Amino acid sequence: MPTPPSDPGVPPPPQGPGVAPPFAAPPTEGSRKRLWLGLGVGALALLICCGGGGAAAVGLVVSNVQAIEEQGQAVTDDYYRALVAKEYGKAYDTLCEDARRRESRGEFSRRVAEEPAVASYRVGDVDPQTLTVPVDVTFSGGGRDTQQVTLAADQQTGGMEVCGVS
């Protein structure tokens with residue numbers, strides 16, 4: 001016969017074989033295959049997320065550099081095309097705010113008209129670090145020169161503008 005428990009809140013032990021215990025024993029797994037599979041899938045998901053983010057960041061930088069190069073070449077081409085056509089107002093419109101503060105439209109037009117006329121030009125590659133563009137210029141008198149165009153980003157539009165020629 002079983003002896004009565006000393007604490008009235010504790011249930012008595014089971015009576016014998018075939019009786020179910022009041023709680024189930026925790027399951028045990030013989031191998032850790034499922035654990036390693038779960039860790040592997042988690043690591044793969046982390047790698048995809050981080051790798052995808054890194055690839056996106058690299059893609060963003062590359063596309064930004066390409067946009068700077070394209071805009072820089074386009075605005076430099078617009079500037080020299082206007083000089084060749086002697087449309088000095090259009091050339092002035094490609095200048096940055098700082099250059100416009102240094103020189104009025106009329107002063108710019110007079111100065112450029114007095115310089116040797118540009119007959120043709122070839123725009124080089126934009127240096128994205130210094131925002132400069134080399135331009136091979138041929139003047140109407142036959143002289144040649146390589147001019148360095150300095151670019152700046154317009155604070156309002158984000159587009160590139162000519163900020164100086166040396």
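About the thresholds
Residues numbered from 1 in each chain as written. Predicted model: local features only at pLDDT ≥ 70, side-chain atom pairs only at ≥ 80, totals over all residues. Heavy atoms only, no water. Patch = residues over 30% accessible without salt bridge, like charges linked within 9 Å, V, L, I, M, F, W, Y side chains within 5 Å. Areas by Shrake-Rupley, 256 points an atom, 1.4 Å probe, with all protein chains shown as cover. Salt bridge = Lys/Arg side-chain N within 4 Å of Asp/Glu carboxyl O. Helix = DSSP H or I, 4+ residues; strand = E, 2+ residues; numbered from the N terminus. Buried < 20%, exposed > 50% of the residue type's maximum accessible area, 1.4 Å probe, protein only. Disulfide = S-S within 2.5 Å. Phe/Tyr/Trp six-rings, centres within 6.5 Å; stacked < 30°, edge-to-face > 60°.

Q: Sorry if this is basic, but what is going on with a nonpolar patch on the surface here?
A: Taken together, the side chains of Leu35, Trp36 and Leu39 define a hydrophobic patch exposed on the protein surface, amounting to about 350 Å² of accessible area. With respect to the helices, strands and loops of the structure, Leu35 is situated in helix H1 (residues 33-84). The partly exposed category is assigned to Leu35, whose relative accessible area is 44%.

Q: Teacher, can you tell me more about the pattern of salt bridges here?
A: Side chains bearing opposite charge may pair, as long as their charged atoms lie close to each other. Across all of its chains, the model carries nine salt bridges by this definition. Between Arg111 and Glu115 there is a salt bridge, with its nearest N and O atoms 2.9 Å apart. Overall, Arg111 belongs to the partly exposed group, its relative accessible area being 34%. Taking relative accessible area as the criterion, Glu115 reaches 39% and is therefore assigned partly exposed.

Q: Please explain the state of the cysteines as it appears in this structure.
A: In a disulfide, the sulfur atoms of two cysteines are held together by a covalent bond. In the structure shown here, the tally under the stated rule is one disulfide. The partner cysteine of Cys96 in its disulfide is Cys163, sulfur to sulfur 2.0 Å. Its S-S torsion of approximately 70° makes the covalent link between Cys96 and Cys163 right-handed. One end of the pair, Cys96, is in the loop between helix H2 (88-93) and helix H3 (97-102); the other, Cys163, is in strand S4 (residues 160-165), and 67 residues separate them in sequence.

Q: Can you help me understand the packing of aromatic side chains in this one?
A: What characterises a pair of aromatic rings is the spacing of the ring centres plus the angle enclosed by the ring planes. In total, this model carries four aromatic pairs according to the counting rule given. Ring plane angle 55° and centroid distance 5.6 Å describe the contact between Tyr92 and Phe108, whose orientation is recorded as tilted. Here Phe108 lies in helix H4 (residues 105-114) and Tyr92 lies in helix H2, a separation of 16 residues in the sequence. Take Tyr92 and Phe108: they sit in the same class, and that class is buried. Put simply, the rings of Tyr79, Tyr80, Tyr92, Phe108 and Tyr121 pair up and form one aromatic cluster.

Q: When you look at unusual backbone geometry in this model, what are you seeing that I'm missing?
A: Residues apart from glycine generally show negative phi values, whereas peptide bonds are mostly found in trans. A positive phi angle is found at Lys86, which is not glycine, with a value near 60°. By secondary structure assignment, the location of Lys86 is in the loop between H1 and H2. Phi at Leu131 is positive, roughly 55°, even though this residue is not glycine. Along the chain, Leu131 turns up in the loop between strand S1 (118-123) and strand S2 (132-139). You can call Leu131 partly exposed: its relative accessible area is 22%.

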